[in-house]
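Given next are the chains, with one letter for each unit.
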Amino acid sequence: MAGVSSTRDAICRMMDLPPEKFMLSLAPVPDDLFQCSKAEARSRIGYSGTAPLVVYTGKLGTDVHELRYILDAARLMPDCTFLFTGGRPSSVAALKRLCANMGVSNTVFTGFLDDSTFIRYYQLAADVLVSYYTARDHMVEYNYPQKVNEYLTTGNPVVTPDFPATRDVLNERNVIFVQPDMPADLVRGIRFALDNPEISLQLTRQAMTDMKELTFNRRASEMLRFAAALD
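Rules used in this analysis
- Residues numbered from 1 in each chain as written.
- Predicted model: local features only at pLDDT ≥ 70, side-chain atom pairs only at ≥ 80, totals over all residues.
- Heavy atoms only, no water.
- Axes fitted to C-alpha atoms, helices over the stretch in contact; angles between N-to-C directions.
- Helix = DSSP H or I, 4+ residues; strand = E, 2+ residues; numbered from the N terminus.
- Left-handed = near helix turned anticlockwise from the far one by under 90°.
- Contact = heavy atoms within 4.5 Å.
- Nonpolar A, V, L, I, M, F, W, Y, C, P; charged D, E, K, R; others polar.
- Buried < 20%, exposed > 50% of the residue type's maximum accessible area, 1.4 Å probe, protein only.
- Polar contact = N/O pair within 3.5 Å; in protein donor to acceptor, adjacent residues only side chain to side chain.
- Phe/Tyr/Trp six-rings, centres within 6.5 Å; stacked < 30°, edge-to-face > 60°.

## With respect to the packing of helix α3 (residues 65–76) against helix α7 (residues 183–195)
How two helices pack is summed up by the angle between their axes together with the distance between the axes.
Argument step 1. At a minimum axis separation of 8 Å, α3 and α7 run at an interaxial angle of 65 degrees. Helix-helix and strand crossings are classified by hand; for α3 and α7 the assignment is right-handed. Of α7, the residues touching α3 (which contributes Tyr69, Ile70, Asp72, Ala73 and Leu76) are Pro183, Leu186, Val187 and Arg191.
Argument step 2. Tallied by class, residues from the contact of α3 with α7 come to 7 nonpolar, no polar and 2 charged.

## With respect to unusual backbone geometry
Argument step 1. Phi is positive for Asp16, which is not a glycine, with a value near 55 degrees.
Argument step 2. As for its placement among the helices and strands, Asp16 is situated in the loop between α1 (5–15) and α2 (38–45).
Argument step 3. In this structure, Ala27 is a non-glycine residue whose phi angle is positive, near 50 degrees.
Argument step 4. By the element assignment, Ala27 lies in the loop between α1 and α2.

## Describing the side chain of Gln123
Argument step 1. Mapping Gln123 onto the fold places it in helix α5 (residues 119–125).
Argument step 2. We classify Gln123 as buried; its relative accessible area is 1%.
Argument step 3. Of note is the side chain of Gln123, whose polar atom sits 3.2 Å from the side chain of Thr57.
Argument step 4. Residues contacting Gln123, with those up to four places away along its chain left out, are Thr57, Leu129, Glu150, Tyr151, Thr154 and Asn156.

## So, the packing of aromatic side chains
Argument step 1. The full count for this structure, using the stated rule, is 7 aromatic pairs.
Argument step 2. Note on Tyr69 and Tyr132: the rings are 6.0 Å apart at their centroids and 85 degrees apart in plane angle, and the pair reads as edge-to-face. Note that Tyr69 is positioned in helix α3 and Tyr132 in the loop between β4 (128–130) and α6 (146–152), a separation of 63 residues in sequence.
Argument step 3. Here Phe84 and Phe109 contribute two aromatic rings whose centre-to-centre distance is 5.1 Å and whose plane-to-plane angle is 15 degrees, an arrangement assigned as stacked. In this pair, Phe84 sits in strand β2 (residues 81–85) while Phe109 sits in strand β3 (residues 107–109), placing the two residues 25 residues apart along the sequence.
Argument step 4. On the basis of relative accessible area, Phe109 is assigned to the buried category, the value being 12%.

Shown next, in the form of structure tokens:
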């Protein structure tokens, strides 16, 4: 079992194993992820603003390099609201100080959420969802963030770097790719999603279609069939 094909291929090279003996898991999502309208989701999270809402749900901390890039993008996009879920009080306080030092005033930090399922409302409330991790603190050749697949089920456009490990699922038909470690290109991707609603709609429809094949039940069934077929 391997998470993505790049991991499988690396193991095959190291151990001289045939790739057909591997099954990929590809970060499946729960079958029962709930859906609701954007309006209901915003009501649930208490967002009543009119600015476009850019949402990141992930690890928070001043040592998380991807956050620096996203905050740089927020500084360049004062007409948008950038919302970040999670974070212990000390991490949130440190990030707020960082924003003040950077002159960034269009950010919202929820702090730690006791009910992890509530994060779904923030994802559904977004105009754009961002997953912007970096080789500085991730093994991008093999890392596939679970949240990317969660994002793809929301019906909202996803902006993310084009890394080898994500190519099993992501492509130009279901996400907006941007250059890594370049806040200006992250801004370009977010702007493209906001300024091209028809293209964003096409991307999100394809993403939701693709994710029907990557639920826990579907992948578990595939794994059982794969195991039964092994010699």
